[in-house]
Amino acid sequence: MKDLQVSYGPVNAVQGVSFGAEKGKVTVVLGANGAGKTTSLRAVAGFHKPRGGTASLDGKSILGAPAHRVVRQGMSLVPEGRKIFFPLTVEENLRIGGYAAPRGSHDTAIDGIYDQFPILRDRREMPAGLLSGGEQQMLAFGRAMMSQPRVMLMDEPSMGLAPTMVDRVMSSVRAIADTGIAILMVEQNADASLEIADSVVVVNRGRTVWSGPATEARENTAIVHAVLGETALDG
Ligand code: ATP
């Protein structure tokens, strides 16, 4: 995605964000509250009409396409706050994620997701609202995997989780990438996300201000401190 621009009426929320995702790799998008991370992800996923920029998936232009078409082209969004359907069972939540995939593929996809997250198999008949926060995040990953995406966009998967659960969720993100999926993950938890990231994009006030390998962001902490504050990394 290059030079994305998105406005809410007179508010220019995103004024030049660029990022990419690579097969089997985790790219983390870091930035303070209000930097424009969520707006950028939602625009590329087809939920906001952009004002400018380009985005392509495997060489095909996708910017401005509606969300269901973006999903069919191989990219799915794990939204901020998980957006699980609490009264529905775990398995019903997963089936909803398959809405854009051929019906015959659902059972195989569900089995693959249960193999990846065995806790979801144990809880398959349980209302999703009874799961812990970390389990709900795994369900949100699983739901997005039902369409067998090549690219997954993840919006703050660590939000609101206890520190031990954050580590488990980040390990799951790494494991999903290791299956060959390209991951683009927005995070505010720089420490935890840099542990598992391959590349980093830093967004500030609606613009990409730095991008490079995660090793460089870990070593050159000034980059992260400049946008997230001095306490963003433990050391
Ligand atoms: P956070 O980490 O808090 O989610 P973010 O980096 O994801 O922050 P966005 O949520 O994309 O940032 O917000 C970018 C800017 O757009 C902010 O100035 C925000 O106030 C503004 N904004 C977001 N949603 C709307 C909306 N629906 N209407 C008007 N302005 C909005």
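Check the entry above for the structure.
Summary of the structure given here. Per chain, residue numbering runs from 1 following the sequence as it is written. Whole-chain, interface and lining totals are the exception, using all residues; otherwise, since this is a predicted model, local features are given only for residues with pLDDT of at least 70 and side-chain atom pairs are given and counted only at 80 or more. Excluded from the side-chain calculation are hydrogens and water; included are all heavy atoms of the structure.

### Focus: the sheet that holds strand β7 (residues 75-78)
For two strands to count as paired, DSSP must find a minimum of two bridges between them. Elements are defined by DSSP. Helices are runs of H or I of four residues or more, strands are runs of E of two residues or more, and each kind is numbered from the N terminus. Strand order across the open sheet formed by six strands is β7-β8-β9-β3-β10-β11, with mixed pairing between neighbours. Lying at the two open borders of the sheet, with one neighbouring strand each, are β7 and β11 (207-213). Averaged over all pairs of adjacent strands, the angle between their axes in this sheet comes to 15 degrees, without regard to strand direction. As defined by bridge partners, strand β8 (residues 151-155) adjoins strand β9 (residues 182-187) across five bridges and the pair is classed as parallel. From the neighbouring strand, M154 faces β9, where its bridge partner is M185. For this analysis, residues touch if any pair of their heavy atoms sits within 4.5 Å. To obtain each axis, a line is fitted to C-alpha atoms, and for helices this fit is confined to the stretch in contact; angles are then taken between N-to-C directions over 0 to 180 degrees. Sitting on the sheet, helix α7 (residues 163-178) touches β3 (26-30), β8 and β9, and the angle it makes with β9 is about 155 degrees.

### Observations concerning the site of the ligand
Residues are counted as near a molecule or strand when any one of their heavy atoms sits within 4 Å of it. Inspection of the region around the ligand gives 13 residues, with G34, K37, T38, T39 and Q188 positioned closest. At 3.0 Å, a backbone N or O of A35 approaches an oxygen atom of the ligand. K37 is positioned with one of its side-chain polar atoms (N or O) 2.8 Å from an oxygen atom of the ligand. Note on areas: these come from Shrake-Rupley sampling with a 1.4 Å probe, and a residue is covered only by the protein chains present in the view. When isolated, the ligand has an accessible area of 630 Å², and the protein chains bury 60% of it. Per element, the largest residue contribution to the shell around the ligand is three residues, and it comes from helix α1 (residues 37-44). Ten residues, namely Ala, Val, Leu, Ile, Met, Phe, Trp, Tyr, Cys and Pro, are considered nonpolar, four, namely Asp, Glu, Lys and Arg, are considered charged, and the remaining ones, Gly among them, are considered polar. Residues belonging to the shell around the ligand are distributed by class as follows: four nonpolar, six polar and three charged. Here a polar contact is taken to be a pair of N or O atoms separated by no more than 3.5 Å, where protein atoms must pair a possible hydrogen donor with a possible acceptor and residues adjacent in sequence count only if both atoms sit in side chains.

### Regarding the sheet that holds strand β1 (residues 2-8)
The three strands are arranged β2-β1-β4 in an open sheet whose pairing can be described as antiparallel. Taken across any chain shown, the strands that pair with only one partner, and hence form the sheet edges, are β2 (11-17) and β4 (52-54). Taken pair by pair, the neighbouring strands of this sheet meet at an average axis angle of 20 degrees, ignoring direction. Pairing analysis gives five bridges linking β1 to β2, with the strands arranged antiparallel.

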